[in-house]
Every structure is written in C-alpha cells, then in structure tokens.
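This is what each chain is made of:
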Amino acid sequence: MRVVFMGTPDFSVPTLTEIVSSGHEVVAVYTRAPKPAGRGQAERKSPVHETAEAFGIPVFTPRSLKGEVEQLQFSSLGAEVAVVVAYGLILPQPVLDAPEFGCLNLHGSLLPRWRGAAPIQRAVMAGDKQTGIVVMQMDEGLDTGAMGPTEIIPIGPDMTAGELHDQMMRVGADLMGRALAALERGSLQFTPQPEAGTTYAAKIDKAEARIDFTQSAEAVHNQIRGLSPFPGAWFELELGGKPVRIKALRSTLASGSGAPGTVLDDFTIACGIGAVRLTQVQREGKGAMDAATFLRGAGALPATVA
C-alpha cells in the first residue's frame, strides 16, 4: 500500500520500521521539526526523522497542517492510507480526508478510557490493572474515532510508565502491521466507541510531580511508577544541611506506619495510610541508582522527608 507515516518520538519508530519491512511503499514521513537540544543547542532531528532518512524516505516537517499549501502537498502524495503514531500536530479535516482509506492512529489505551495526551502515564497513575493499544480511524474529535484491532496489556503492580511504554510500542507495531494487512485484504473493520467510560488523559503538569506523603501509600506508589522515568516524582531530603531534590523512580508497597513523611527502615517512608519502600532513586544532578547504593553514599537519613 502507498502509506504516509506521521510520527515523532521513539514510540513511533518500531511501527515505521514494521511498515517498511512489510513491503509497503512509504511515500513520505511527516514528523515534528528539529529542535535545539543539548549544551550547544544544536538542532536535533526526531527519532522518526532519523529513521526515515536511514530508509531513504522523503521527510516533511511542517509547523502546522492548517494551511492550504501544506494540505495540497499532503494530498499530492497520493497515499492510500496515513498511519499516525504520536505525531504531535492536529490533523485538519482536509488532511484526514486525503488518503483513500483515511488516517489510522495507534492509540495507547483501551478507548474510550484515557483519550488525550498522556494515556500511558494516566493509566498507571490511576492504578489501572490493564490497558491496551488500539488502531483507531481518526476523525476531528479528540481520540473519538471508531476502533479497529485492539490488544489488551496487563499492568503489573510495580510496573512503571516507562516499562509500559516500551511494551506498547512493540505490541503496537505488530498490531498496526496486522491492521494494514487486513486493510489490503478488505477485511479491516471498525466499531464506534461506546459512550460510557470516557476519561481524559491530560498532559502531565510539572506540579503533579511533587510527592504528597499525606496521600495513601497506594496513591504515592502509583504516582511514582506513573511518572517514571519522566518527569519523575520527587521529594526533598535534607542532606549536608540543605534540602536536596530526590526523584523516586521505583517503589513498592511496604509495611509500617507513622506520621506522613517519616523515614522508616530501608528507605521506607510512611504515608497517610501505609508506607512505600523506595527501590530506585535519583539525586539531583546525579544518575539513577538503586536505593541501597544511594543510602551508602548519603549516610544517615533525616527523620522525615518533605
């Protein structure tokens, strides 16, 4: 099939690779424009941009698709279908209508639960026991299109958003490959989303990252794993007479109790109800390390954290 691929981050790369390796003709790749990065602020191409160039595929990086020129360019590609995976730009109706079979989006949730920008993180933060990935027929709404092939993915009790992300991008690539094969056979089917059960996965706000230990241990644990590895849930610990920001990257529910924020044994911290044991942390300006390594370097901990 003649495919236009639209995506930007690492999450999108396995799907692009799957489409190319399956023999489809990827006539163009759309991705976000290069951005300044690193100490030198040199412009860095997106992971999808670099992958497309490695395959010798033409790359387009418009700032918007709302203009007539950009829409005519997209239409002129003559794609039978567009595949959209974490692209980052809104697709206006003329773009959605241009391919013969429309635009297929790979969405990381069991729709209609967790429509929006951060479905993976929100599912973990909410303590969901399962999520999934779905091929969706895009329309102008926010993740409101009809649903095609779907894979259910269990969420383990200590699984982080990063681990779920990596599993989803592998499962999603295979799912989209099967969806395109079904589309070629004329057997790809879609079902309208149910009205009940809709939730919105808002973009993660930096203010959500600070840990409030007056919450239950379960809520704190879900916050930690839902924001790991990025942006990372954090708290302050007084070391050497000054407060130091510590990111909690992994944790598990633990026994013990005390006033919220009280440091118990083995880097276990009391919460409003119950306690969490931190198993991987990151001191400000340092790399991630297991809790035992951190404790050896930090020495005696204060009685409480903030």
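Keep in mind that this is a model prediction, so the values were computed, not measured.

Brief notes about the packing of aromatic side chains
Taken as a whole and assessed by the stated rule, the structure comprises five aromatic pairs. Taken together, a centroid distance of 5.9 Å and an interplanar angle of 75° make the contact between phenylalanine 213 and phenylalanine 235 edge-to-face. Note that phenylalanine 213 is positioned in the loop between strand S11 (200-201) and helix H7 (217-226) and phenylalanine 235 in strand S12 (residues 233-239), a separation of 22 residues in sequence. Judged by its relative accessible area of 0%, phenylalanine 235 falls in the buried class.

Details of unusual backbone geometry
Of the consecutive residues leucine 111 and proline 112, the connecting peptide bond is found in the cis state with omega at 10°. By the secondary structure assignment, proline 112 is in the loop between strand S7 (103-107) and strand S8 (115-116). Following serine 228, the chain continues into proline 229 via a peptide bond in cis, with omega recorded as 10°. Structurally, the position occupied by proline 229 is in the loop between H7 and S12. Even without being a glycine, aspartate 266 presents a positive backbone phi close to 55°. Counting through the fold element by element, aspartate 266 comes out in the loop between strand S13 (242-254) and strand S14 (268-270). Aspartate 266 gets classed as exposed once you look at its relative accessible area, which sits at 56%.

Observations concerning the nonpolar core
Judged by nonpolar contacts, the single largest core of 38 residues is most densely connected at Phe5, Leu16, Val29, Val83 and Leu164. Broken down by element, the residue count for this core peaks at 10 residues, all from helix H6 (residues 161-185). When sequence neighbours within four positions are dropped, the list of residues in contact with phenylalanine 5 reads Ser12, Thr15, Leu16, Ile19, Val26, Ala28, Val29, Tyr30, Val48, Val83 and Val85. Counting residues in each nonpolar core, the second largest holds 28 residues, with Ile204, Phe235, Leu237 and Val244 among its members.

Some points on the packing of helix H1 (residues 13-21) against H6
The description of two helices packed together rests on the angle between their axes and the distance between the axes. Closest axis-to-axis distance for the H1/H6 pair is 8 Å, and the angle between their directions is 35°. Of the two possible hands of crossing, H1 and H6 adopt the one that is right-handed. In this structure, H1 contributes Pro14, Thr15, Glu18 and Ile19 to the contact, and H6 contributes Met169, Gly172, Ala173, Met176, Gly177 and Leu180. Broken down by class, the residue content of the contact of H1 with H6 amounts to six nonpolar, three polar and one charged.

Comments concerning the pattern of salt bridges
For the structure on display, the rule yields eight salt bridges. A salt bridge links arginine 113 to aspartate 128; its shortest N-O distance comes to 2.9 Å. With arginine 113 in the loop between S7 and S8 and aspartate 128 in the loop between helix H5 (119-125) and strand S9 (130-137), this residue pair connects regions lying 15 residues apart in the sequence. Residue classification places arginine 113 among the partly exposed residues on the basis of a relative accessible area of 30%. Residue class for aspartate 128 comes out buried when judged on its relative accessible area of 12%. The shortest N-O distance in the salt bridge between arginine 210 and glutamate 236 comes to 3.7 Å.

Side note on the pairing of strand S1 (residues 2-7)
Across the six residues of S1, five count as buried, placing the element largely inside the fold. The sheet contact formed by S1 and strand S2 (residues 25-30) spans five bridges and is parallel. Bridge assignment links phenylalanine 5 to a residue of S2, and that residue is valine 29. In terms of handedness, the path from S1 via H1 over to S2 forms a crossover that is right-handed.

Overview of the pairing of S2
Consecutive side chains of a regular strand alternate in pointing toward one face of the sheet and then the other. Counting buried residues along S2, five of its six residues qualify, which places the element largely inside the surrounding structure. Pairing geometry for S2 and strand S5 (residues 59-60), over two bridges, is parallel. Looking at the pairing, tyrosine 30 lines up with phenylalanine 60 of S5.

What about H7?
With respect to burial, H7 is a largely interior element, eight of its 10 residues being buried. Check the buried side of H7 and you find it contacts H5, H6, S12, S13 and strand S15 (275-283).

Quick notes on the side chain of asparagine 222
If you trace the backbone, asparagine 222 turns up in helix H7. For asparagine 222, a relative accessible area of 7% puts it in the buried group. Apart from residues no more than four positions distant in its own chain, asparagine 222 is found in contact with Val124, Met125, Ala126 and Gly127.

Scoring rules and cut-offs
Residues numbered from 1 in each chain as written. Predicted model: local features only at pLDDT ≥ 70, side-chain atom pairs only at ≥ 80, totals over all residues. Heavy atoms only, no water. Phe/Tyr/Trp six-rings, centres within 6.5 Å; stacked < 30°, edge-to-face > 60°. Helix = DSSP H or I, 4+ residues; strand = E, 2+ residues; numbered from the N terminus. Buried < 20%, exposed > 50% of the residue type's maximum accessible area, 1.4 Å probe, protein only. Core = buried A, V, L, I, M, F, W, Y, C linked by side-chain atoms within 4.5 Å. Contact = heavy atoms within 4.5 Å. Axes fitted to C-alpha atoms, helices over the stretch in contact; angles between N-to-C directions. Left-handed = near helix turned anticlockwise from the far one by under 90°. Nonpolar A, V, L, I, M, F, W, Y, C, P; charged D, E, K, R; others polar. Salt bridge = Lys/Arg side-chain N within 4 Å of Asp/Glu carboxyl O. Pairing = 2+ DSSP bridges. Right-handed = clockwise from strand over helix to strand, strands pointing away.

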